[in-house]
Amino acid sequence: MADHRTVVTRFAPSPTGFLHIGNARTALFNWLYARHTGGQFLLRIEDTDRARSTEAAIQAIFDGLRWLGLDWDGEAVFQFSRMETHARAANRLLDEGKAYRCYMTAEELEAERARARAEGGRVESPWRDRDWREAPAGRPFAVRFRAPRAGETVIRDLVQGDVRIPNTQLDDMVLLRSDGTPTYMLSVVVDDWDMGVTHVLRGDDHLTNAARQTQLIEALGWPVPEYAHIALIHGPDGAKLSKRHGALGVDWYRDQGYLPAAMRNYLARLGWGHGDDEIFSTEQAIEWFDIADLGKSPSRLDFEKMRNVNAHYLRAMPQDEVLEALEAFAASHGHAAFTAAQRARIAGMLDALRERASTLADLLDQASFLLTDEVIAPDEAAAQILTDEARARLGDLAAALASVRSWQAAEIETAVKAHLKDKGLKLGALGPAIRASVVGRTASPSLFSVLEGVGRETALKRLEAAASGA
RNA sequence: GCUCCCUUCGUCUAAUGGUUAGGACGCCAGAUUUUCAAUCUGGAAACACGGGUUCGAUUCCCGUAGGGAGCGCCA
């Protein structure tokens, strides 16, 4: 049994899809609280629904948590493997008369549920007060919890305060299905106790479950953990986050080029805050995090702000880390590994490039003119700039630049300006065309650093190609 | 339908029984500028509504409206 003097939190997703972004935030809060208190953060995979649980989903949870940098203590617990233990708890309640065998058929149940809903009461099983020996021999039965019919159950929630639920709203929950397998409600309670969980931070969709679980826990004679139910994250339109928003799994964010540190920062600010602090390190978040500062209202995802936070991290990260992240990102998007020359070119221009990017995807896109030595095909806007007149001027410029001794931005600038003066032109008459031919775009970092960045040979090759109308 | 939860700028949030209601993203304007950014300066922008309680409510209470969640032999 775990030491109950220290905080133990847990993240308990069911492996039925990807790691949902809302769940990722829940995991983050549990992780922050455990790290803040010097306690433990446990991971439990709730795989008791055999039909829906998949190996791929389990992997997605592990990968997602690791990507976010949320390390869990000890081995992940697989709920399904603890079935026997759960069943034992149910049987104990049966022996103690706190649960009963229910022989209702699916049809009877359906009718009773309709009645309860219409009358606003609980679903009642006739077997609650009947002797199970009256049941036809061999008929399968479910084990139901004998919940109080009257009164109320109060959840002492660290976020929501005391929440009182009338017991008339709480049915006799099924503990063991008629095939003998334990239900979620039973498994959670038994596992949380066995794992020594002291603080349950989860989505507020579990708030009424907390009432049922409280009843169960008390029947089992165990201490009720501290609860903290946090409001769910909604989509930008305020509706529940759904596939329609196209941004459910954390893997999507990774694929979009968001950085883990930025995600931690952004997610932490959703439903939690520390004064006016917006950008803070994970260490600071750990130091500051407290359940008391959790908000009660649901928050919406704001991709503009997320991009802004990410841009901040992209700029603040050490160069070699950005390069490493960019290369991994490129690889996962089908790019070949960078050559030494490519890496060197990107490194040389990294600060200029990252200043214009919010995500790794932006960065990779903006660095594309550095990824090849060949002539670049201009995009639509750039092509418009390359008129016959502009092309002719580029030819003159290429000839003039060929004699630049040291291929450095400052010297290139001197040479270009001398050439312009010679021709009686302003930079505005030639600059856009240089950019269009060398970068293939109408926007880029400073012209001269771009010329330096691609290297003399490639720069001249592109200028000449544009001049010859290629 | 029943039960429960929520409501401060468009969004994320801070603060308070007496404040010019603060910050951030976004937006607008200006500065800077070879493009695009970045940066700097300035600006517009909120206490959902109606009743109370109070000398005084954004803050406390009650309603209304709006939003959300739950009501499975799913988790």
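Look up: the structure comes first, before these words.
For the structure given in this document, a descriptive report is provided here. Since we're looking at a predicted model, the values are computed, not measured.

### As for the overall build of chain A
Phase 1 of the analysis: Of the regular secondary structure elements, chain A holds 19 helices and 12 strands.
Phase 2 of the analysis: Radius of gyration (C-alpha) of chain A: 31 Å, far over the 23 Å computed for a compact globule of 470 residues.
Phase 3 of the analysis: Based on the C-alpha atoms only, the size of chain A along its principal axes is roughly 105 × 45 × 35 Å.
Phase 4 of the analysis: Burial statistics for chain A: of 470 residues in total, 38% are counted as buried.
Phase 5 of the analysis: At a minimum sequence separation of 6, the contacts of chain A that also span at least 24 residues come to 78%.

### Observations concerning the sheet that holds strand E1 (residues 8–11)
Phase 1 of the analysis: Pairing in this open sheet of 3 strands is parallel, and the strands run E1-E2-E3 from one edge to the other. The open sheet is flanked by E1 and strand E3 (77–78), the only strands paired with a single partner.
Phase 2 of the analysis: One ladder, built from 2 bridges, connects strand E2 (residues 40–45) with E3; its direction is parallel. Bridge pairing in E3 places Ile-45 opposite Phe-78.

### Considering the pairing of strand E4 (residues 99–102)
For a regular strand, the rule is simple: side chains alternate between the two faces of the sheet.
Phase 1 of the analysis: The alternating pattern of E4 places Ala-99 and Arg-101 on one face and Tyr-100 and Cys-102 on the opposite face, and all of these are buried.
Phase 2 of the analysis: Two elements, E4 and strand E5 (residues 142–145), share 4 bridges in a ladder whose sense is antiparallel. Along E5, the bridge assignment pairs Cys-102 with Ala-142.

### Re helix H17 (residues 427–438)
Phase 1 of the analysis: Given a rise of 1.5 Å per residue, 12 residues ought to cover 16 Å, and the 16 Å separating the end C-alpha atoms of H17 matches this to within 8%.
Phase 2 of the analysis: Three or more residues of H17 are buried, namely Leu-430, Ala-433, Ile-434, Arg-435, Ala-436, Ser-437 and Val-438.
Phase 3 of the analysis: Elements in contact with the buried residues of H17: helix H14 (380–385), helix H15 (388–401), helix H16 (409–423), helix H18 (447–454) and helix H19 (456–467).
Phase 4 of the analysis: Immediately beyond the C-terminal end of H17, within one or two residues, lies Gly-440, with a positive phi of roughly 85°.

### Side note on the sheet that holds E4
Phase 1 of the analysis: Taken in spatial order, the 3 strands make up an open sheet running E4-E5-E8, and their pairing is antiparallel. Whereas interior strands pair on both sides, the edge strands pair on one side only; in this sheet they are E4 and strand E8 (174–176). With strand direction ignored, the average angle separating the axes of adjacent strands in the sheet is 40°.
Phase 2 of the analysis: Across 2 bridges, the pairing between E5 and E8 is antiparallel.

### A short note on the nonpolar core
Considering soluble globular proteins, one finds that nonpolar side chains tend to be buried as a cluster.
Phase 1 of the analysis: Residues Leu-28, Leu-175, Val-438 and Leu-463 are the most contacted members of the largest nonpolar core, which totals 117 residues.
Phase 2 of the analysis: For this core, the leading source of residues is helix H1 (residues 21–37), giving 9 residues.
Phase 3 of the analysis: What Val-438 contacts, discounting residues up to four positions off in sequence, is Phe-369, Val-450, Leu-451, Val-454, Ala-459, Arg-462 and Leu-463.

### Brief notes about helix H11 (residues 319–332)
Side chains of residues three or four places apart in an α-helix project in the same direction, reflecting 3.6 residues per turn.
Phase 1 of the analysis: Compared with the 20 Å implied by 1.5 Å per residue over 14 residues, the 20 Å span of H11 between its first and last C-alpha is a close match.
Phase 2 of the analysis: Among all positions of H11, only Val-322, Leu-326, Phe-329 and Ala-330 are buried. Along H11, the residues classed as buried sweep out an arc of 100° about the axis, all on the same side. Turned more than 90 degrees away from the buried face of H11 sit Asp-320, Glu-321, Glu-324, Ala-328, Ala-331 and Ser-332, all of them exposed.

### Notes on the protein's contact with RNA strand B
Phase 1 of the analysis: Near RNA strand B, the surroundings consist of 62 residues, among which Ser-14, Glu-46, Tyr-184, Ser-297 and Ser-299 are the closest.
Phase 2 of the analysis: Secondary structure elements with two or more residues in the surface near RNA strand B: helix H4 (106–119), strand E7 (161–166), helix H6 (207–220), strand E12 (299–300), helix H10 (303–316), H17 and H18.
Phase 3 of the analysis: Grouping the amino acids of the surface near RNA strand B by side-chain chemistry returns 20 nonpolar, 22 polar and 20 charged.

### Considerations on the environment of Asp-73
Phase 1 of the analysis: Considering the arrangement of structural elements, one finds Asp-73 in the loop between helix H2 (55–68) and E3.
Phase 2 of the analysis: With 14 C-beta atoms counted inside 10 Å, the residue Asp-73 sits in the partly exposed group.
Phase 3 of the analysis: Distance from Asp-73 to Val-8, taken between C-alpha atoms, is 9.9 Å for residues 65 residues apart in sequence.
Phase 4 of the analysis: Setting aside chain neighbours within four positions, we find Asp-73 in contact with Gln-40, Phe-41 and Leu-42.

### Regarding the pairing of strand E10 (residues 226–230)
Phase 1 of the analysis: Of all the 5 residues making up E10, 4 are buried; the element is thus mostly covered by neighbouring parts of the structure.
Phase 2 of the analysis: One ladder, built from 5 bridges, connects strand E9 (residues 199–203) with E10; its direction is parallel. Its bridge partner being in E10, Arg-202 is matched across the sheet by His-229.
Phase 3 of the analysis: Considered for its hand, the β-α-β crossover made up of E9, H6 and E10 is right-handed.

### Quick word on the environment of Met-83
Phase 1 of the analysis: Among the structural elements, Met-83 can be located in helix H3 (residues 83–95).
Phase 2 of the analysis: Non-local contacts of Met-83, meaning those with residues more than four positions away in its chain, are made with Thr-181 and Pro-182.

### What to know about the packing of H16 against H18
Phase 1 of the analysis: Closest axis-to-axis distance for the H16/H18 pair is 8 Å, and the angle between their directions is 120°. Accordingly, the angle class assigned to the pair H16 and H18 is oblique. As for how H16 packs across H18, the hand of that crossing is right-handed. Taken together, the residues of H18 that come into contact with H16 (itself represented by Ala-409, Ile-412 and Glu-413) are Phe-448, Ser-449, Leu-451 and Glu-452.

### Concerning the packing of H3 against helix H5 (residues 184–194)
Phase 1 of the analysis: Orientation of H3 relative to H5, taken along the N-to-C sense of each, is 100°, at an axis distance of 9 Å. Here H3 is positioned roughly perpendicular relative to H5, judged by the angle of their axes. Residues Thr-85, His-86, Ala-89 and Ala-90 of H3 form the contact with H5, whose participating residues are Leu-186, Ser-187 and Val-190.
Phase 2 of the analysis: Grouping the amino acids of the contact of H3 with H5 by side-chain chemistry returns 4 nonpolar, 3 polar and no charged.

### Considerations on the environment of Thr-168
Phase 1 of the analysis: Here Thr-168 lies in the loop between E7 and E8.
Phase 2 of the analysis: Along the backbone, Thr-168 and Thr-208 are 40 residues apart, and their C-alpha atoms lie at a distance of 12 Å.

Criteria and cut-off values
Residues numbered from 1 in each chain as written. Chains lettered and ligands numbered in written order. Predicted model: local features only at pLDDT ≥ 70, side-chain atom pairs only at ≥ 80, totals over all residues. Helix = DSSP H or I, 4+ residues; strand = E, 2+ residues; numbered from the N terminus. Rg over C-alpha atoms; globule rule 2.2 N^0.38 Å. Buried ≥ 20, exposed ≤ 12 C-beta atoms within 10 Å, placed from the backbone. Contact = placed C-beta atoms within 7 Å. Pairing = 2+ DSSP bridges. Expected span 1.5 Å × (residues − 1). Axes fitted to C-alpha atoms, helices over the stretch in contact; angles between N-to-C directions. Core = buried A, V, L, I, M, F, W, Y, C linked by C-beta atoms within 7 Å. Arc of directions from axis to C-beta. Near = placed C-beta within 6 Å. Nonpolar A, V, L, I, M, F, W, Y, C, P; charged D, E, K, R; others polar. Right-handed = clockwise from strand over helix to strand, strands pointing away. Parallel < 35°, antiparallel > 145°, perpendicular 65-115°, else oblique. Left-handed = near helix turned anticlockwise from the far one by under 90°.

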